Amino acid sequence: MSRIDELIQELSPGGVEFKALGDVGTFIRGNGLQKSNLTDEGFPAIHYGQVHTHYGTWATETISFTSPGFAAKLRKAEPGDLVIATTSEDDQAVGKAVAWLGEAATAVSGDAFIYHHSLDPKYVSYFFQSQQFQGQKMRSITGAKVRRISGDSLAKIRIPVPPVEVQREIARVLDSFSALKTELETDLKTELEARRIQHSHYWNALLTPSTSWQRTTLGQIAEIFDGPHATPRKTATGPWYLSISSLENGRFNLASSAHIGEDQYEAWVRRIAPRLGDTMFSYETRLGQAAYWDRDEPAALGRRMGLLRPNESEVDPRFLTLVYLGPEFQSLIHSKTVSGATVDRIPIANMASWPISIPPIPEQRRIVSVLDNFDALVNDLRSSLPAELTARRIQYEYYRDKLLTFEEAEV
């Protein structure tokens, strides 16, 4: 049996009374405080927008202030009161609350209510996050684009009111859960950032030419092709249309790629048809971006895109993409960039003579293996992070709602 169960059995064995928020407190609308009135020092102040963007369940300090003279005209939340944002374009965010636990009062803007009450402030603030509150609140939200809830509607929402000792214990447990959730989220994000830094280190170290690398030209290790200078009619199916927007971290993000119709395909690949092992790059806008085509599927080159077809006796196809994205060649691209009236570009017609350094093919393949393994690790972490964070949030919300669920006492 948990400490909360013990307290309920001892102090409220017959169940917990439910009361309207208006019966245990009063709602007072904030007034007059605009974003333009906020300063970096002075009298503490909370703008309703900051409740959405900055504050969590409770706060002991404000991030903004206003002048003491102006604050004298404003309504204020006292320590223990809730500050409630009453408007949002998102129904879920309407009624988001923060318990003010500072040492003195804070001024509160309009589009926010001050809830002055007789309950434990953290307990009430956690209740405002619960499904119990959300379910009751949704029925009372009004407005078209900007959604809002009135003080009268908030006052009718029913809250379980266990003995204050139970309220405090629930708040303590939820504070612990929140801290653990934040710590786990921070650890996951720190792990991802550490892997990114490690990847960047190895990327620069492995792709910086050493004395054993051969100095040659791009035209000696690859054929260079220019794509069509127009935009086709895009379709939902058919051969891939590989555009500049598809380039992402050395690969093609096909979620950002369109298709072209079979009836256009032959005309569109008259100059060059991409094939497995080619490197494609942007020569206007997003300069320096390139991607490796790792599919044996029909595709067409997009506008402002160039293609490198590797001479495989000289260069590993995947290494060509990596060395293009490496520090030496990126610096060269920067030096060769021509600034235009509308967009910057690199002169694709001259690229064959551009110098480039490459190691022997066995070393190229070793570098490809190392960097692709790092890519896979970072991508796995990046893709799993949102799912892991979502799982932690769902777990936290489940226990929060469970702790705030009581058997109602018979009146």
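The structure reproduced in this document is the subject of the present report. (Residues numbered from 1 in each chain as written. Predicted model: local features only at pLDDT ≥ 70, side-chain atom pairs only at ≥ 80, totals over all residues. Heavy atoms only, no water.)

### Structural notes on the nonpolar core
Then, in step 1: Core analysis: the largest hydrophobic core is formed by 35 residues, its most contacted members being Leu82, Ile84, Tyr115, Phe128, Leu154 and Ile170.
Then, in step 2: For this core, the secondary structure elements donating two or more residues are helix 1 (3–11), strand 7 (82–85), strand 9 (97–100), strand 11 (112–117), helix 4 (121–127), strand 13 (158–161), helix 7 (164–207) and helix 12 (361–403).
Then, in step 3: With residues up to four places along the chain from it excluded, the contact list for leucine 154 reads Leu21, Phe27, Ile84, Phe113, Phe128, Phe133 and Ile149.
Then, in step 4: Within the second largest apolar cluster, 30 residues are counted, among which are Trp213, Val323, Leu325 and Ile356. (Core = buried A, V, L, I, M, F, W, Y, C linked by side-chain atoms within 4.5 Å. Buried < 20%, exposed > 50% of the residue type's maximum accessible area, 1.4 Å probe, protein only. Helix = DSSP H or I, 4+ residues; strand = E, 2+ residues; numbered from the N terminus. Contact = heavy atoms within 4.5 Å.)

### Here we look at the packing of helix 10 (residues 317–325) against helix 11 (residues 327–336)
Then, in step 1: Closest axis-to-axis distance for the helix 10/helix 11 pair is 5 Å, and the angle between their directions is 55°. When the axes of helix 10 and helix 11 are compared, the pair comes out oblique. In this structure, helix 10 contributes Val323, Tyr324 and Leu325 to the contact, and helix 11 contributes Pro327, Phe329, Gln330 and Ile333.
Then, in step 2: Grouping the amino acids of the contact of helix 10 with helix 11 by side-chain chemistry returns 6 nonpolar, 1 polar and no charged. (Axes fitted to C-alpha atoms, helices over the stretch in contact; angles between N-to-C directions. Parallel < 35°, antiparallel > 145°, perpendicular 65-115°, else oblique. Nonpolar A, V, L, I, M, F, W, Y, C, P; charged D, E, K, R; others polar.)

### Concerning the sheet that holds strand 5 (residues 64–66)
Then, in step 1: The sheet built from 4 strands is open, its strands ordered 5-3-10-6 with mixed pairing. Only two strands of the sheet have a single partner each, and these edge strands are strand 5 and strand 6 (76–77).
Then, in step 2: As judged from the 3 bridges shared by strand 3 (residues 43–46) and strand 5, these two strands associate in the antiparallel manner. When the bridges of strand 5 are listed, alanine 45 appears paired with serine 64. (Pairing = 2+ DSSP bridges.)

### Some details on the environment of glutamine 9
Then, in step 1: Assignment of secondary structure puts glutamine 9 in helix 1.
Then, in step 2: We classify glutamine 9 as exposed; its relative accessible area is 52%.

### Some details on unusual backbone geometry
Then, in step 1: Residues other than glycine seldom take positive phi values, yet asparagine 249 does so here, at roughly 55°.
Then, in step 2: Mapped onto the secondary structure, asparagine 249 falls in the loop between strand 17 (247–248) and strand 18 (251–252).
Then, in step 3: On the basis of relative accessible area, asparagine 249 is assigned to the exposed category, the value being 59%.

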